[in-house]
Amino acid sequence: MAKLPVSTEKIIEDFGPHLNYAPKDGYEGRDEPDEVVKTHCCFCGMQCGIQLLVKENKVVGFEPWMEFPFNEGRLCPKGVQRYLQNNHPDRLLNPLKRVEGKGFEKTTWDEAMDKTVSEIKRIQDKYGKHAFAMLSGVSLTNEKSYLVGKFARVALKTRNLDYNGRLCMVSAGAGNKKAFGLDRASNNYSDLEHAEVIIVTGANISETFPTLTHWIWKARDRGAKLIVIDPRMIPLARTADIHLDIKPGTDSALYGAMLKYLVDHDMLDHDFIDNYTSGFQETIDAVKDNTLEWAEEITGIDKEKIKAAAELWGKAKTSFLLHARGIEQHSKGVDNVVGCINLVLATGRLGRPYCGYATITGQGNGQGGREHGHKCDQLPGNRDIENPEHRKYISDVWGIDEKDLPGKGLSAYEIIDAIHRGEIKGLLSICFNPLVSLPNNNYVREALEKLEFYVCIDFFLNETARHADIVLAGSLQEEEEGTTTSAEGRVIRIRQAVTPPGDARTDTSIFLELAKRLGEEDKFTYENSEAIFNELRVASNGGTANYFGISYKKIEDNMGVFWPCPTDDHPGTPRLWEDKVFCTPDKKAHFNPAPYRLPSEVTDDEYPITLTTGRVVSQYLSGTQTRRIGKLVDQFPEPMVEIHPELAAQYGIKQRELIKVVTRRGEGLFPANIVETIRKDTVFIPYHWPGMKSANQLTIGTLDPVSKMPEFKVCACELYPQGTIAPPSSESEAYASV
Ligand SMILES: Nc1nc2c(c(=O)[nH]1)N[C@H]1C(S)=C(S)[C@@H](COP(=O)(O)OP(=O)(O)OC[C@H]3O[C@@H](n4cnc5c(=O)[nH]c(N)nc54)[C@H](O)[C@@H]3O)O[C@H]1N2
Ligand SMILES: Nc1nc2c(c(=O)[nH]1)N[C@H]1C(S)=C(S)[C@@H](COP(=O)(O)OP(=O)(O)OC[C@H]3O[C@@H](n4cnc5c(=O)[nH]c(N)nc54)[C@H](O)[C@@H]3O)O[C@H]1N2
Ligand code: SF4
Ligand SMILES: [Mo]
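Parameters and conventions
- Residues numbered from 1 in each chain as written.
- Chains lettered and ligands numbered in written order.
- Predicted model: local features only at pLDDT ≥ 70, side-chain atom pairs only at ≥ 80, totals over all residues.
- Heavy atoms only, no water.
- Helix = DSSP H or I, 4+ residues; strand = E, 2+ residues; numbered from the N terminus.
- Rg over C-alpha atoms; globule rule 2.2 N^0.38 Å.
- Contact = heavy atoms within 4.5 Å.
- Areas by Shrake-Rupley, 256 points an atom, 1.4 Å probe, with all protein chains shown as cover.
- Near = heavy atom within 4 Å.
- Polar contact = N/O pair within 3.5 Å; in protein donor to acceptor, adjacent residues only side chain to side chain.
- Nonpolar A, V, L, I, M, F, W, Y, C, P; charged D, E, K, R; others polar.
- Domains from an automatic or database assignment.
- Expected span 1.5 Å × (residues − 1).
- Buried < 20%, exposed > 50% of the residue type's maximum accessible area, 1.4 Å probe, protein only.
- Arc of directions from axis to C-beta.
- Buried area = accessible area lost by both parts, 1.4 Å probe.
- Salt bridge = Lys/Arg side-chain N within 4 Å of Asp/Glu carboxyl O.
- Pairing = 2+ DSSP bridges.
- Axes fitted to C-alpha atoms, helices over the stretch in contact; angles between N-to-C directions.
- UniProt positions renumbered as here; feature names shortened; annotations may be inferred.
- Phe/Tyr/Trp six-rings, centres within 6.5 Å; stacked < 30°, edge-to-face > 60°.
- Lys NZ or Arg CZ within 6 Å of the ring centre and 35° of its normal.
- Core = buried A, V, L, I, M, F, W, Y, C linked by side-chain atoms within 4.5 Å.

- As named in an unreviewed UniProt entry, the chain is Assimilatory nitrate reductase catalytic subunit, taken from Flavobacterium bizetiae.

1. A short note on the overall build of the chain
Step number 1: Counting secondary structure elements, the chain contains 23 helices and 28 strands.
Step number 2: For the chain, the C-alpha radius of gyration of 25 Å lies close to 27 Å, the compact-globule estimate for 738 residues.
Step number 3: With the principal axes as the frame, the chain shows a C-alpha extent of 70 × 70 × 55 Å.
Step number 4: Sequence-distant contacts in the chain: of pairs separated by 6 or more residues, those separated by 24 or more amount to 75%.
Step number 5: When the accessible area of the chain is evaluated, it comes to approximately 24,500 Å², of which 49% is carbon and sulfur surface.

2. Concerning the site of ligand 2
Step number 1: The immediate surroundings of ligand 2 are formed by 30 residues, with N164, N433, S437, D458 and S622 found nearest.
Step number 2: Contact distances for ligand 2 include 3.1 Å between an oxygen atom and a side-chain N or O atom of Q329.
Step number 3: In this structure, a nitrogen atom belonging to ligand 2 sits 2.8 Å away from a side-chain N or O atom of D507.
Step number 4: For ligand 2, whose free accessible area comes to 910 Å², the fraction covered by protein is 99%.
Step number 5: Taken together, the residues of the shell around ligand 2 break down into eleven nonpolar, 14 polar and five charged.
Step number 6: Here the shell around ligand 2 gathers at least three residues from each of two domains, domain 2 (96-167 + 365-480 + 487-529) and domain 4 (609-736).

3. Overview of helix α2 (residues 109-127)
Step number 1: Taking 1.5 Å of rise per residue, 19 residues should cover 27 Å, and α2 covers 27 Å from first to last C-alpha, within 8% of that figure.
Step number 2: For α2, the complete set of buried residues consists of W109, A112, M113, T116, V117, E119, I120, I123 and Q124. Burial along α2 is one-sided: seen end-on, the buried residues are contained in an arc of 160 degrees. Along α2, exposed side chains directed more than 90 degrees from the buried face belong to D125 and K126.
Step number 3: At its buried positions, α2 is contacted by β6 (132-136), α3 (142-156), β16 (426-430), β17 (453-458), β18 (470-473) and α18 (507-517).
Step number 4: Phi for G128, located one or two positions after α2, is positive at around 105 degrees.

4. A short note on the domain arrangement of the chain
Step number 1: In terms of domains, the chain is made up of domain 1 (6-87), domain 2 (96-167 + 365-480 + 487-529), domain 3 (170-359) and domain 4 (609-736).
Step number 2: Averaged C-alpha coordinates put domain 2 and domain 4 at centres separated by 30 Å.
Step number 3: In this complex, domain 2 contributes 19 residues to the contact, which on the side of domain 4 involves 24 residues.
Step number 4: Between domain 2 and domain 4, a total of about 1,800 Å² is buried, with carbon and sulfur atoms accounting for 56% of that surface.
Step number 5: Viewed at the interface, domain 4 and domain 2 are joined by two salt bridges.
Step number 6: Of the charged contacts in the structure, one is a salt bridge between E463 and R627, with a shortest N-O distance of 3.0 Å.
Step number 7: Connecting domain 2 to domain 4 are 13 residue pairs in polar contact (both at pLDDT 80 or more).
Step number 8: Contributions of two or more residues to the side of domain 2 that touches domain 4 are made by α15 (412-420), α16 (434-437) and α17 (441-450).
Step number 9: Here the residues of the side of domain 2 that touches domain 4 sort into eight nonpolar, seven polar and four charged.

5. Description of the sheet that holds strand β3 (residues 58-64)
Step number 1: The antiparallel open sheet is built from three strands, whose spatial order is β1-β2-β3. Single-partner strands in this sheet number two, and they are β1 (35-40) and β3. In this sheet, neighbouring strand axes are inclined to one another by 35 degrees on average, regardless of whether the strands run parallel or antiparallel.

6. What about the UniProt feature "domain: 4Fe-4S Mo/W bis-MGD-type" (unreviewed entry) in the chain?
Step number 1: Under the local residue numbering, the UniProt record ascribes the feature "domain: 4Fe-4S Mo/W bis-MGD-type" (unreviewed entry) to residues 34-90.
Step number 2: Secondary structure within residues 34-90 divides into 0% helix and 35% strand; the distance between the first and last C-alpha atoms comes to 24 Å.

7. Quick word on the packing of aromatic side chains
Step number 1: This model, assessed by the stated rule, comprises 20 aromatic pairs.
Step number 2: Pairing W65 with F68 gives two aromatic rings, centres 5.3 Å apart and planes at 45 degrees, and the pair type is tilted.
Step number 3: Measuring from centroid to centroid gives 4.7 Å for W577 and F582, while their planes differ by 35 degrees, and the two rings are tilted.
Step number 4: Chaining the aromatic ring pairs together yields one cluster made of F180, Y357, W577 and F582.
Step number 5: The ring of F524 has K150 lying over it, and the distance from NZ or CZ to the ring centre is 5.0 Å.
Step number 6: When the ring centre of W563 is taken as origin, the NZ or CZ atom of R184, which lies over that ring, is 5.9 Å away.

8. Concerning the site of ligand 3
Step number 1: If you check the shell around ligand 3, you find C41, F43, C44, M46, Q47, C48, L75, C76, K78, G79, P210 and T211 and nothing else.
Step number 2: Broken down by class, the residue content of the shell around ligand 3 amounts to eight nonpolar, three polar and one charged.

9. Concerning the nonpolar core
Nonpolar side chains in soluble globular proteins tend to end up buried together.
Step number 1: Counting 139 residues, the largest nonpolar core has F151 and F180 as its most contacted members.
Step number 2: Per element, the largest residue contribution to this core is eight residues, and it comes from α3.
Step number 3: With residues near it in sequence (within four places) discarded, F180 still touches I341, L345, L350, Y357, W577, F582, C583, T584 and A589.
Step number 4: If you look at the next biggest cluster of nonpolar residues, it comprises 60 residues, including F70, V200, A203 and Y687.

10. Re unusual backbone geometry
Step number 1: In this structure, P564 follows W563 across a cis peptide bond, with omega equal to -5 degrees.
Step number 2: Along the chain, the position of P564 falls in the loop between β21 (561-562) and β22 (589-590).
Step number 3: Even without glycine at this site, Y354 takes up a positive phi of about 65 degrees.
Step number 4: Tracing the backbone shows Y354 in the loop between α13 (333-346) and β13 (356-359).

11. A few points about the sheet that holds β17
Step number 1: The strand order β5-β4-β18-β17-β16-β6-β7 describes an open sheet built from seven strands, whose pairing is mixed. Here the strands that pair on one side only, and so sit at the sheet edges, are β5 (103-106) and β7 (161-163). Taken over all neighbouring pairs, the strand axes of this sheet differ in orientation by 20 degrees on average, direction set aside.
Step number 2: Here four bridges tie β17 to β18, and the two strands are oriented parallel to one another. Note on β18: the bridge partner recorded for I457 is L472.
Step number 3: Against the sheet, α15 engages β6 and β7, with an angle of about 145 degrees to β6.

Okay, here's the thing in structure tokens:
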């Protein structure tokens, strides 16, 4: 029987106008707080240090934390508003149950837990253990990420657990593992300061990692050259020496041509290549036909600009290459990543001061959360769930028989497919809003309606949760102790500032209670977050992501510790590869051939325009948190479709005219934003909104064959101008189809 989501009207009746905003003038009590807590921002992977002001067990404000070394007090628009959530009018204060025909009603924890556990048991008895799946997310601390991984395998005994990093970090992770055998930024960001040349590709740093720009400006002040590769002239590109305005989906052709140029002009570090790498010959064989002309034809970038970029990169003595989702969210995301790494290895600029390479981790704990067993194919310490030795080690730590440890499960989007096929019947989600963030969300919605039971743990009623049978009121980052690992690889302390409000509970206590009710209490006997961390340290020991030598005290004493840190007396590793010994089986860094292939959907007569999607500075991910903060909404109230003036003229489109954007999967309505900063053949839509304003009605669910990353960054669309100028944004309109 298809379940319908709880309607907007019903939500308004139960919770007030949807969505509410935090008070724009902030909360009372900021001037005389009871306590000032040094912690970190809950949003992006920069994990900026911040001090939260607490009054009567409520977070009422913030102050900069000047001493924290990465951001030195600097914060971005989201960081300065993040404190508005704990006390928010939309905060879930009790568990909810769906009553068919009526909507959500408040319920007791006992009833909510009973229902959840009895449904888990019913589904697993009837359809098998793996018919109950879990989706999780890496806004969660390391402790919670580890706990979720263990809960899924030991308490639920399902192999089907995956996480929202599948939409974010997995192509980079897979590429880094192929090349280095380890998945972390090679350096801390202070190494940027003295780099002679910096490449930033597929990363809109000024909007998505604003505090990182500081380190790029520092390098610029010393004369560093900047190359930006992006289909849009993003803010950083406006100041760059070279902007390569690439056609979405063609990066591997560009990196192939740049590598060939380096080879043809002998701008190579032969000593590094000969002694510390493997796979060079087959990789350069694969690019032998990648001429500048060929690359110009595919990428749409003037060949003289490609040549200039290769020259700059080739001649530098020190350099840093940074990339983010712009090159990774493709059906060949892993190829793009190794294509970049090939350029770094060919010039040997790794493992020495001011020479580095990094994927910029997206979510708050996108780094730590991808190391400790959150992924469908992984065990803690970034171990492989299919490796017998790794399985044995973790089974021993967990006190279970190795044969009871489930194997590799389905990835996030494959879980949606499996629900459609009827193989998965029950779902528990935490820290993930798939209805807004997965591609082709009409297909995702149909899957949610097919589930026999769905339970969601969140502190706000996100759009996916509206399809749930039970919603468990969980906790915000500042409501529990813990650690995260920043994009640099620095393990830092998250401080509990307050306890969860009302009848909400900490995420950790929810899992411990569920484990108990599932009969596995003895495997989940943690007194506090530190006890979980101490088990995580042991579980990670011997793995590539080794935290064994890191303790809460050591983090506090040093403002963070960089993993790998294998022993108590080890200082941590801010810069990797100084010894040129890599974590691959042959201990060498690997070149990997990455021949160009087409995106999964190319433009044609019916869908002649390329669509790409991404972010704006004042909204965060699926928007559940930032669409509730009025000042951020004022900065960017709704998604607009960015269109070049020439393309707009071709279609007769006016500024703010409503445009129906249509792909083979769906359609959405967006006001036009005519800007000269985008390619003429491409349009861009930010994805932070639901319903008719969701970019993910349009995107394609094709996955990278290795990483299973969806192709968010390129598909084909057509534009239909509606002839009317868009009225001001309205939330209820967006919600009409959630
Ligand atoms: N304000 C804000 N900051 C955030 C987030 C947020 O939601 N809002 N989310 C955080 C998270 S989880 C993540 S993953 C990061 C994401 O950080 P970014 O990856 O920087 O963000 P995106 O906007 O998704 O994409 C970056 C750029 O890729 C470009 N691009 C599109 N297609 C291609 C292509 O084929 N090749 C190349 N070279 N570039 C392309 C886009 O034009 C865009 O400017 O941001 C983090 N920080
Ligand atoms: N079209 C398009 N789609 C994309 C992308 C794109 O570039 N284009 N980018 C993708 C990327 S990189 C990412 S990371 C994903 C993100 O996609 P999601 O993970 O779905 O996005 P979030 O908004 O982080 O959803 C997380 C939910 O977790 C809740 N939450 C946050 N912290 C906590 C916590 O500590 N405890 C609990 N219990 N709940 C918590 C929030 O309230 C929110 O409801 O979106 C992806 N989708
Ligand atoms: S840059 Fe990221 S971590 Fe820093 S304040 Fe902004 S959102 Fe928070
Ligand atoms: Mo992300």
